[in-house]
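# Secondary and tertiary structure notes
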Amino acid sequence: MGVTPKIAPSMLSSDFANLASEAQRMLHFGADWLHMDIMDGHFVPNLTIGAPVIESLRKHTKGYLDCHLMVTNPLDYVEPLAKAGASGFTFHVETSKDNWEELIQRIKSHGMTPGVALKPGTPIEEVYPLVEAGNPVEMVLVMTVEPGFGGQKFMPEMMDKVRILRKKYPSLDIEVLIKKFIQIGS
Ligand SMILES: O=C(CO)[C@H](O)[C@H](O)COP(=O)(O)O
């Protein structure tokens, strides 16, 4: 079974004062999803956006809001993000060793699509139970930079994880952060 590639530009490098028009610009130029980096200043040493910004953006777009939760307590974000209009909810395996089953169940029951992300130093095997569960995640986000900041150097060795995942799960959605090879618009 084949998979369909999707483009999900990270909105982290947007002009946040003009997020609605930045989002519309990305979708106009062919983005499939909008990748929204949610950071809590605790799991990662940076603070970005949360549910209020997702709620504001949702009023301006019907696009798929692919939320990447770089937070210590993702469970706390499920209800606020669902109410705000998030589409995908991707939590980190490193923060969720004890409660990933509950997380997946709650994300799905709130109408969002669950995904799991892993940091560069985390072995790929750690996501297998979440992919193989009776109630599984629907996407794996392979980090090719340390979470926390945009504009970092791409770690090509992380593509080995992608190859392993693709071989093991031919139809799984795999999200990979790649460098900005292309500049869209002016
Ligand atoms: O998850 C992230 C950082 O933790 C970002 O989505 C990603 O790094 C964006 O990178 P860039 O701005 O270099 O395209």
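The name recorded for the protein in an unreviewed UniProt entry is ribulose-phosphate 3-epimerase, from Glycine max. You can read under Catalytic activity (unreviewed entry) in the UniProt record for the protein the words "D-ribulose 5-phosphate = D-xylulose 5-phosphate". Quoted verbatim from the Sequence similarities (unreviewed entry) heading of the UniProt record, the comment on the protein is "Belongs to the ribulose-phosphate 3-epimerase family."

### Details of the packing of aromatic side chains
A full pass over the atoms with the stated rule returns two aromatic pairs. Between Trp33 and Tyr64 the ring centres are 4.3 Å apart and the planes differ by 20°, which places this aromatic pair in the stacked class. Taken together, the positions of Trp33 in strand E1 (residues 33-39) and Tyr64 in strand E2 (residues 64-70) put the pair 31 residues apart, joining distant regions of the chain. Note on Tyr128 and Tyr169: the rings are 6.0 Å apart at their centroids and 75° apart in plane angle, and the pair reads as edge-to-face. Here Tyr128, found in helix H5 (residues 128-132), pairs with Tyr169, found in the loop between helix H6 (159-168) and strand E6 (173-176); they are 41 residues apart in sequence, far enough to count as distant. For Tyr169, a relative accessible area of 12% gives the class buried. Stacked on the ring of Tyr128, the Lys or Arg Lys168 has its end atom at 4.6 Å from the ring centre.

### Points about the nonpolar core
Met36, Ile54, Phe91 and Leu165 are the most contacted members of the largest nonpolar core, which has 47 residues in total. The greatest single-element share of this core, amounting to five residues, is contributed by helix H3 (residues 75-84). In this view, Phe91 contacts Leu69, Pro74, Ser96, Trp100, Leu103, Ile104, Ile107, Gly115, Val116, Ala117, Leu130 and Val137; residues no more than four positions away in its chain are not counted. Listed in part, the six residues of the second largest apolar core include Trp33, Ala117, Met139 and Met143.

Calculation rules
Residues numbered from 1 in each chain as written. Predicted model: local features only at pLDDT ≥ 70, side-chain atom pairs only at ≥ 80, totals over all residues. Heavy atoms only, no water. UniProt positions renumbered as here; feature names shortened; annotations may be inferred. Phe/Tyr/Trp six-rings, centres within 6.5 Å; stacked < 30°, edge-to-face > 60°. Helix = DSSP H or I, 4+ residues; strand = E, 2+ residues; numbered from the N terminus. Buried < 20%, exposed > 50% of the residue type's maximum accessible area, 1.4 Å probe, protein only. Lys NZ or Arg CZ within 6 Å of the ring centre and 35° of its normal. Core = buried A, V, L, I, M, F, W, Y, C linked by side-chain atoms within 4.5 Å. Contact = heavy atoms within 4.5 Å.

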